[in-house]
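Structural features, examined
Single-letter residue listing:
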Amino acid sequence: MYRYDEFDERFVRDRVRQFRSQVERRLDGSLSDDEFKPLRLKNGLYLQLHAYMLRVAVPYGTLDSRQLRQLALIAEKYDKGYAHFTTRQNLQYNWPKLKDVPDILDLLADVEMHAIQTSGNCIRNVTSDQFAGVAKDEVEDPRVTAELIRQWSSLHPEFVWLPRKFKIAVTGAEHDRAAIKVHDIGIRILRHAETNEVGYEIVVGGGLGRTPMIGKVVRSFLPKAELLAYLEAILRVYNAEGRRDNKFKARVKILVHETGEEEFRARVEAEYAKLNGPTVNAPEGEVERIAAYFAPPAYETLPERSQALETARASDPALDRFVEQNGFAHKVPGYIALTVSLKGIGEVPGDMTDAQMRAFADIAERYSKDELRVTHSQNLVLPHVKQDDVPEVFAALKANGLATANAGLITDIIACPGLDYCALATAKSIPIAQAISKTFADDDRQREIGELPIKISGCINACGHHHVGAIGILGLEKSGVENYQITVGGDASENAALGERVGPGIDADQVPGAVEALVSVYLRERQGSERFVDTVRRAGLDPFKAGFQAFVSGAGQEAAE
Amino acid sequence: MTTTTILIRPEGQVADEWSVAATAADLSLVEGPAIVPFEAIDAALAERRNAPLGLHLPNHVAIDAVEPYLTQVALVSVAFPAFSDGRGFSLAKRIRRAGFTGTLRATGPLIADQFADALACGFDEVALPEAVAERQPAEQWVEARGIVRDHYQSGYEGGTSILEQRRAAAAAKAEGSHA
Amino acid sequence: MAEAKVNKKGPKFPVILVANDLLDGEVVFAAKDGGWTPEPGKAAVADDADAAAELEARGQAEFKANRIVDPYLVEVRIAENGMPVATHFREALRQKGPTVHPDMGKQAEYDVPA
């Protein structure tokens, strides 16, 4: 993985000194509260419902064990012994004190980490495929591109005061695990149909939030060397023309929508034609320099399948189930990637204690080439595990409460922090996830239902990605109580689709029952090996609406009795 | 543009030689270099004053509309209605790209932490409302500007980028190994 | 600055004043004794517009002095034990701490509204 050189090191240290100075100037009154707020946000520091919250960047979701141990240390020393992995592959501390934040940033810099631009109206942490460098269907490791963009976007002189936040995702695989179509810019690495040259497809104007939209292809093939100049052209058009009169209409998706896809493309291309590409693009050698850090680790030459693992699986049903559900095929024979669920039944999605972080760091160091990944579904991944080692890894995970075999299943729920922590939330999110998780705790039942991503947001800003959940749940306030709207049919993959409402909003305690009703419709309607989302697509919304309505009426009747 | 401003340049606070005229007619009331708003620039140019002219622009103006005037004025001022409105940075970049070599001024309530970025985008100076300057005197601007010493982006003012420095270092190393 | 989360016509009394401590972020309440308290039970309760205006003025002064941020009035009812309890679920949650972590926040340290 990427390592800081002297320039990166100096840059991050300078940034810590800058933030320290900003805090001092806020406290002595040089900076007003209105001035300080965006400055602290651009360094990941929010003021939430109970306390400050610090969001640490995990660039494209890649960490090593040393970094995870440092994150555990910060959790122990400056927080309440835990941290939270987010839907953008980052990590949040819920209880830091402003006076401690500069010291926390120094500790992060010690392990080549930072909190730069994890919030604010600027280019946010670049996200990517959690199976980068692992997946068989990959054209190229997307992290090389993501790292180049991380550097280019850090403290950009021109694009730090954009109309609104700006999120970029990169995938290098055919199957999109980075949800590029619902990002401000989505980048897909592909091969040119005729020349076989590797380049980029550039998608602009996707996003969730108040007005969910699927991104539009603005360039179907961009030569690799031209990336930064092309990004500069898009960002300059957006910075100059994006709406600033209404924050709900300020994302680039609205500009693309209101300008029209064709006209927006024309403006980007006109800007691109004017700018001097070679002065902007990465100089020769820089991409190669970065790429060298992402060279594959030293794998052993092994047979395709491990006899030891097969034998162990045959005698241990729990291990067998874990590998079946959480295993991901590795491109190198004899290896496997393992999803490590942070969604134990009834637990807070994405939370990890400092003890778990340390234990997991040991496991990653010993069994996964010292590397781990954070997924946008708030889980972790051990990317390079020798199949022979899986029984030992499983035992170590189990000993630390990290061996839940539910990756992608109905209890693998994405949930934003919601009203339990977030100052913007209109309703609680985590307790809904916990209640659904307990309702569907039975392993056999989960397995029968199969892949069913549930995504929950506690407000319209959609940090829980509810629009692209096969079942999406949005918590709002209605007449002084929490109220939940349910959608079905959302999909964040290359077949991106936005979910549709199945009926009126319901009370919190009705949500698990409503999900059961929708699952019953699915189990009744499904054909062959259809996933939930496939059945919605084929059978349409009506049976789900009917099932939901029947549940709501029944529940109403019960309450009346 | 009627608020009292102080002028900050990389070396610190400096005297402002420019006056502001709200209309072309007001030009007769001011002596020496004068800045006029975009709506008044045609009339101001037609007056053929002897003293230099400056042009004040809203941050949403299209560069194509501005370009014809860039060879006729000595100063361009870009309005920052709020420090959080970053349009002026992109406009500055486009004004420089169009070949403007005169003084480029950011006018409005920017904050010290934006000084380095403003200079990188092509500004020479910031005309800051007095009320902001009272909290953030020029010394803070000079200091804030120097905290982050390098930047990754190529094609901006303020020294070679990290990417270019890396390339130079690699080239020097290769050179050394040949010798 | 957060806008007061109260009715546009003005709040229903009684109210308390809530804010965050600038330096550590803790939720604090304008206290009966004139300072700030992290304890929900020690919040000063204003029963009428004059008393509320006094609390707000205190909030503004302390905001300007860079001691607290985001001060605003919160509507409460007085529980049987005499404690002011926010009537809105969001503010009630803020008086206690995260529901998913009863071991954290004010509920772990102080007497909080039931």
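For every chain, the first residue of its written sequence is number 1, and the numbers climb from 1 along that sequence. As they are written, the chains are lettered A onward and the ligands numbered 1 onward, keeping that order. With the structure being a predicted model, the display of local features is reserved for residues of pLDDT at least 70 and the display and counting of side-chain atom pairs for 80 or more, all residues being used for whole-chain, interface and lining totals.

What to know about the overall build of chain A
Regarding its fold elements, chain A presents 19 helices and 20 strands. For chain A, the C-alpha atoms occupy an extent of roughly 65 × 60 × 55 Å along the three principal directions. When burial is assessed residue by residue, chain A has 57% of its 561 residues classed as buried. A sequence separation of at least 24 residues applies to 67% of the contacts in chain A between residues at least 6 apart. Here a strand is any run of E in DSSP of at least two residues, a helix any run of H or I of at least four, and the numbering for each starts at the N terminus. As a rule, residues whose C-beta atom has 12 or fewer other C-beta atoms within 10 Å are exposed, those with 20 or more are buried, and those in between are partly exposed; C-beta atoms are placed from the backbone. Contacts here follow a simple rule: the backbone-placed C-beta atoms of the two residues must lie within 7 Å.

Focus: the overall build of chain C
In terms of regular secondary structure, chain C is built from 3 helices and 5 strands. When its helices and strands are written in sequence order, chain C yields β-β-β-α-β-β-α-α. The globule rule used here is 2.2 Å times the number of residues to the 0.38 power, and the radius of gyration it is set against is calculated over C-alpha atoms. A compact globule built from 114 residues would reach a C-alpha radius of gyration of about 13 Å, and chain C, at 13 Å, matches this within 12%. If one aligns the C-alpha atoms of chain C with their principal axes, the spans along those axes are about 35 × 30 × 25 Å.

Some thoughts on the interface of chain A and chain B
With 38 residues of chain A in contact, the opposing surface of chain B contributes 36 residues. Counting only elements with at least two residues in the side of chain A that touches chain B, the list comes to α1 (6-27), α2 (33-41), α5 (142-153), α6 (227-241), α9 (277-280) and α10 (286-293) of chain A. It is α1 of chain A that provides the largest number of residues to the side of chain A that touches chain B, a total of 9 residues. By the convention adopted, Pro, Cys, Tyr, Trp, Phe, Met, Ile, Leu, Val and Ala count as nonpolar, Lys, Arg, Asp and Glu as charged, and the other residues, Gly among them, as polar. Class assignment of the residues belonging to the side of chain A that touches chain B gives a composition of 15 nonpolar, 12 polar and 11 charged.

Quick look at the nonpolar core
Formed by 251 residues in total, the largest nonpolar core has its most connected members in I234, L382 and L518 of chain A, V36 of chain B together with I16 of chain C. Residues within four places of I234 of chain A in sequence aside, it is in contact with I185, V204 and V268 of chain A. When buried Ala, Val, Leu, Ile, Met, Phe, Trp, Tyr and Cys residues are joined through C-beta atoms within 7 Å, the set is termed a nonpolar core.

Side note on unusual backbone geometry
P14 of chain C follows F13 of chain C through a cis peptide bond whose omega is 0°. With respect to the helices and strands, P14 of chain C occurs in the segment before β1 (15-21). Residue L155 of chain A is not a glycine yet carries a positive backbone phi of 50°. Relative to the helices and strands, L155 of chain A is located in the loop between α5 and β7 (168-171). Phi angles above zero are rare outside glycine, and N66 of chain C is one such case at about 60°. Position of N66 of chain C among the secondary structure elements: in the loop between α1 (49-64) and β4 (68-78). With 17 C-beta atoms packed within 10 Å, N66 of chain C lands in the partly exposed category.

Regarding the confidence of the model for chain C
Residue and element names in this part refer to chain C. Looking at any residue, its pLDDT shows the predictor's confidence there, from 0 to 100. Per-residue confidence for chain C averages 92 on the pLDDT scale, and 92% of its residues sit at or above 70. The model gives residues 1-6 a pLDDT under 50, and that stretch makes 11 contacts with residues more than four places away or in other chains. In the predicted assembly, ipTM is 0.97 and pTM is 0.96.

Examining the packing of α6 of chain A against helix α3 (residues 87-97) of chain B
Fitted lines through C-alpha atoms give the axes, limited to the stretch in contact for helices. The angle between two N-to-C directions lies from 0 to 180 degrees. Relative orientation of the contacting elements α6 of chain A and α3 of chain B amounts to 125°, with a least axis distance of 8 Å. In terms of axis orientation, α6 of chain A runs oblique to α3 of chain B. In this structure, the crossing between α6 of chain A and α3 of chain B has a hand that is left-handed. Here R236, N239 and A240 of chain A of α6 of chain A come into contact with α3 of chain B, specifically with R87, S90 and L91 of chain B. Angle categories are assigned with fixed cut-offs, so that under 35 degrees is roughly parallel, over 145 is roughly antiparallel, 65 to 115 is roughly perpendicular, and the rest are oblique. By the definition used in this description, the sense in which the near helix is turned from the far one sets the handedness, with an anticlockwise turn below a right angle giving left-handed and a clockwise turn giving right-handed.

Concerning the interface of chain C and chain A
Every contact between the two is made by 22 residues of chain C and, on the other side, 21 residues of chain A. Where the side of chain C that touches chain A is concerned, the elements lending two or more residues are β4 and α2 (89-96) of chain C. Element by element, the count of residues in the side of chain C that touches chain A is highest for α2 of chain C, at 4 residues. Within the side of chain C that touches chain A, the residues separate by chemical class into 10 nonpolar, 7 polar and 5 charged.

With respect to the domain arrangement of chain A
Structurally, chain A comprises domain 1 (6-56 + 86-110), domain 2 (134-292), domain 3 (307-399) and domain 4 (414-560). An automatic or database domain assignment supplies the start and end points of every domain. Between domain 1 of chain A and domain 2 of chain A, the C-alpha centre-to-centre distance is 27 Å.

Quick notes on helix α18 (residues 532-539) of chain A
All names here are of chain A. Buried within α18 we find F532, V533, T535 and V536. Taken down its axis, α18 places every buried residue within 160° of arc, on the same side. Taken from the residues just after α18, G540 is the one with a positive phi, measuring 85°. Directions from the helix axis toward the C-beta atoms define the arc.

Focus: the arrangement of the chains
The interface with the highest contact count, out of 2 pairs of chains in contact, is the one between chains A and B. Looking at chain B next to chain C, you find no contact at all, with the nearest C-alpha pair sitting 13 Å apart.

Description of the environment of N66 of chain C
Taking C-alpha positions, N66 of chain C is 17 Å from L55 of chain C, a pair spaced 11 residues apart along the chain. With sequence-adjacent residues up to four places away left out, N66 of chain C is seen in contact with L27 and G29 of chain A together with L22 of chain C.

Concerning the pairing of strand β18 (residues 471-478) of chain A
Residues and elements named next belong to chain A. Strands are treated as partners if at least two bridges between them are detected by DSSP. Of the strand pairs in this sheet, strand β17 (residues 454-457) and β18 are connected by 4 bridges, and their pairing is parallel. Bridge pairing links K455 to G472 in β18. Sheet analysis places β18 next to strand β19 (residues 481-488), joined by 8 bridges and oriented antiparallel. Bridging across to β19, I471 finds its partner in V488. In textbook terms, the turn of a hairpin is the stretch between consecutive antiparallel strands, and for β18 and β19 this stretch comprises 2 residues, one of which, S479, has a positive phi near 50°.

Observations regarding the sheet that holds strand β9 (residues 198-204) of chain A
All names here are of chain A. With mixed pairing, the 5 strands of this open sheet are ordered in space as β6-β7-β8-β9-β10. Every other strand in the sheet has two partners, leaving β6 (127-128) and β10 (216-223) as the edge strands with one partner each. Note that strand β8 (residues 185-191) and β9 share 7 bridges and pair antiparallel. Considered in β9, the bridge of L190 is made with G199.

Things to note about the packing of α6 of chain A against helix α8 (residues 261-274) of chain A
All names here are of chain A. Here α6 crosses α8 at 125°, and the two axes come no closer than 8 Å. Judged by the angle between their axes, α6 and α8 are oblique. Regarding α6 and α8, the two cross each other, and that crossing is right-handed. Each of A229, Y230, A233, I234, R236 and V237 in α6 lies in contact with α8, whose residues at this interface are R267, V268, E271 and Y272. Looking at the contact of α6 with α8, its residues break down into 7 nonpolar, no polar and 3 charged.

Quick word on the sheet that holds strand β3 (residues 62-64) of chain A
Residues and elements named next belong to chain A. In space, the 5 strands of this open sheet follow the order β3-β14-β15-β12-β11, with antiparallel pairing throughout. Among the strands making up the open sheet, the edge pair consists of β3 and β11 (327-329). Across the sheet, the mean angle from the axis of one strand to that of its neighbour is 30°, orientation sign disregarded. Note that β11 and strand β12 (residues 335-340) share 3 bridges and pair antiparallel. Its bridge partner lying in β12, G327 is registered against L338. Packed on one face of the sheet, helix α13 (residues 354-367) meets β14 (371-374) and β15 (380-386) and runs near 30° to β15.

Observations regarding the environment of A51 of chain A
When you line up the elements, A51 of chain A lands in the loop between β1 (45-47) and β2 (52-56). The class of A51 of chain A is buried, set by 26 C-beta atoms lying within 10 Å. Put simply, A51 of chain A and P96 of chain A are 45 residues apart on the chain and 7.3 Å apart in space, counted from C-alpha to C-alpha. Excluding anything up to four places from it in sequence, A51 of chain A contacts N94 and W95 of chain A together with G25 and E26 of chain C.

Regarding the environment of K455 of chain A
Residues and elements named next belong to chain A. Of note, K455 is situated in strand β17. Under the C-beta neighbour-count criterion, K455 is labelled buried, with 30 such atoms within 10 Å. As for K455 and H183, which are separated by 272 residues in sequence, their C-alpha atoms are 17 Å apart. Among residues more than four places away in sequence, those in contact with K455 are I414, G464, H465, H466, V468, G469 and G472.

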